[in-house]
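# Chains, contacts and geometry: an overview
Here is what each chain is made of, one letter per residue.
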Amino acid sequence: MQQFETDIKKCIEVLNNKGTILYPTDTVWGLGCDATDEEAVSKIYNIKQRSDNKALIILAANERDVMQYTAAVDLSLFDYLKEADKPTTVIYEHGIGFADNLLAEDGSIAIRICRDEFCKALIKRFGKPIVSTSANISGEATPQNFAQISNHIKNAVDYIVTHRQDDEAPATPSSIICWQNGEVVFIRK
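Every chain is numbered independently, its residues counted from 1 as its sequence is written. Confidence filtering applies because this is a predicted model: local features only for residues at pLDDT of at least 70, side-chain atom pairs given and counted only at 80 or more, and all residues used for totals across whole chains, interfaces and linings. As a convention, hydrogens and water are excluded, and side-chain values are obtained from all of the structure's heavy atoms.

## Here's the deal with the pattern of salt bridges
Each reported salt bridge corresponds to a side-chain nitrogen of Lys or Arg within 4 Å of a carboxyl oxygen of Asp or Glu. Throughout the structure, instances matching the rule amount to 8 salt bridges. Across the salt bridge formed by D34 and K128, the nearest N and O atoms sit 2.9 Å from each other. Of this pair, D34 sits in the loop between β2 (30-32) and α2 (38-48) while K128 is found in the loop between α5 (117-126) and β6 (130-134), placing the two residues 94 residues apart along the sequence. Three exposure classes are used, based on accessible area relative to the maximum for each residue type with a 1.4 Å probe and protein chains only: buried under 20%, partly exposed in between, and exposed over 50%. A relative accessible area of 5% places D34 in the buried class. Ionic pairing is found between R164 and D116, a salt bridge with its closest N-O pair at 2.6 Å. In this pair, R164 is assigned in the loop between β7 (159-160) and β8 (175-180) and D116 in the loop between β5 (109-113) and α5, connecting sequence segments 48 residues apart. A residue is classified by how much of its surface remains accessible, and D116, at 12% relative accessible area, is buried. Sharing partners across several salt bridges, the network here consists of D116, R164 and D167. Put simply, DSSP marks the helices as runs of H or I at least four residues long and the strands as runs of E at least two long, and each gets a number from the N terminus on.

## Quick word on helix α4 (residues 76-83)
Listing the buried residues of α4 in full gives L77, F78 and L81. Looking straight down α4, one finds that the buried residues subtend no more than 95° of arc, so they occupy a single side. Exposed and oriented more than 90 degrees from the buried face of α4 are K82 and E83. Where α4 is buried, its residues touch α3 (63-69), β4 (88-92), β5 and β8. Our arc is simply the arc of the directions from the helix axis toward the C-beta atoms. Whether two residues touch is decided by their heavy atoms; if any such pair falls within 4.5 Å, the residues are in contact.

## Examining the packing of aromatic side chains
Centres within 6.5 Å are what make two rings of Phe, Tyr or Trp a pair, Trp counting through its six-membered ring; a difference in plane orientation under 30 degrees is then read as stacked, over 60 as edge-to-face, and the rest as tilted. Tallying each qualifying case throughout the model produces 4 aromatic pairs. Ring plane angle 90° and centroid distance 5.4 Å describe the contact between F4 and F118, whose orientation is recorded as edge-to-face. One end of the pair, F4, is in helix α1 (residues 2-16); the other, F118, is in helix α5, with 114 residues separating them in the sequence. Across the pair, F118 and F4 agree in class, each one buried. The interplanar angle of 55° and the centroid separation of 4.8 Å between the aromatic rings of W29 and F146 together place this pair among those described as tilted.

## Observations concerning the layout of surface pockets
Cavity and pocket criteria rest on a 1 Å grid covering protein atoms alone: a 1.4 Å probe that fits but cannot get out defines a cavity, protein on both sides within 12 Å along at least 5 of 7 lines defines an open pocket, and an atom within 4 Å of a point defines a lining residue. Grid points are joined across faces, edges and corners, and a volume is the space filled by probe spheres set on the points. As a volume, the largest pocket reaches approximately 520 Å³. For the lining of the largest pocket, the secondary-structure elements that each account for two or more residues are β5, β6 and β9 (183-188). Put simply, Ala, Val, Leu, Ile, Met, Phe, Trp, Tyr, Cys and Pro go in the nonpolar bin, Asp, Glu, Lys and Arg in the charged bin, and everything else, Gly too, in the polar bin. Of the residues that constitute the lining of the largest pocket, the class distribution is 13 nonpolar, 11 polar and 6 charged. Estimated volume of the second largest pocket: approximately 310 Å³. A72, I91, Y92, E93 and W179 are the residues nearest the centre of the second largest pocket, which is lined by 17 residues in total. Looking at the lining of the second largest pocket, the elements that each hand over two or more residues are β4 and β8. Split by residue class, the lining of the second largest pocket holds 9 nonpolar, 5 polar and 3 charged.

## With respect to the pairing of β4
Here β4 lies mainly inside the structure; 4 of its 5 residues are buried. By the convention used here, strands pair only if DSSP detects at least 2 bridges between them. In this sheet, β8 lies alongside β4 in parallel orientation, the contact comprising 4 bridges. Note that in β8 the partner of T88 across the bridge is S175. With 4 bridges joining them, β4 and β5 adopt antiparallel strand pairing. For Y92, the partnering residue across the bridge sits in β5 and is I109.

Listed below in structure tokens is the structure:
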């Protein structure tokens, strides 16, 4: 538990200083930063060697966070998410308060309410949503656990979380959906 707390404190310090982190999520290991800071978001795109016209996923701690950073959420969506079998990222039409280089061209944003204890604690204590994109160079295979993450990625971030590094269980990315008129449209199952 002491390492968990040390990781949280160090992550918050790095995030508050426009830094980047490598951390475990409720899906795959992620590259993260302050989702409201354009400079920090640019660092993530550089690490991934990815164009900034491809939007990134954001993690939120709870429904209230989603409603604070989006417009006109259909509340029945939250009932669906509570029943979902696996972590589900939702594309919301209007992101509010995020770094401009994080939003898709149409102003939409992909947000997942995180189920992971570490991520929830980190986001709540940081007080803002955090970027979460897979810990790989764009176009390469997504690592299924910490051991599969390349040294390029590990050397490029400002802090690597120790929590769950020894977990070798294969992880998979989230489902991605749009919610249209009370109906689910799958982008990625």
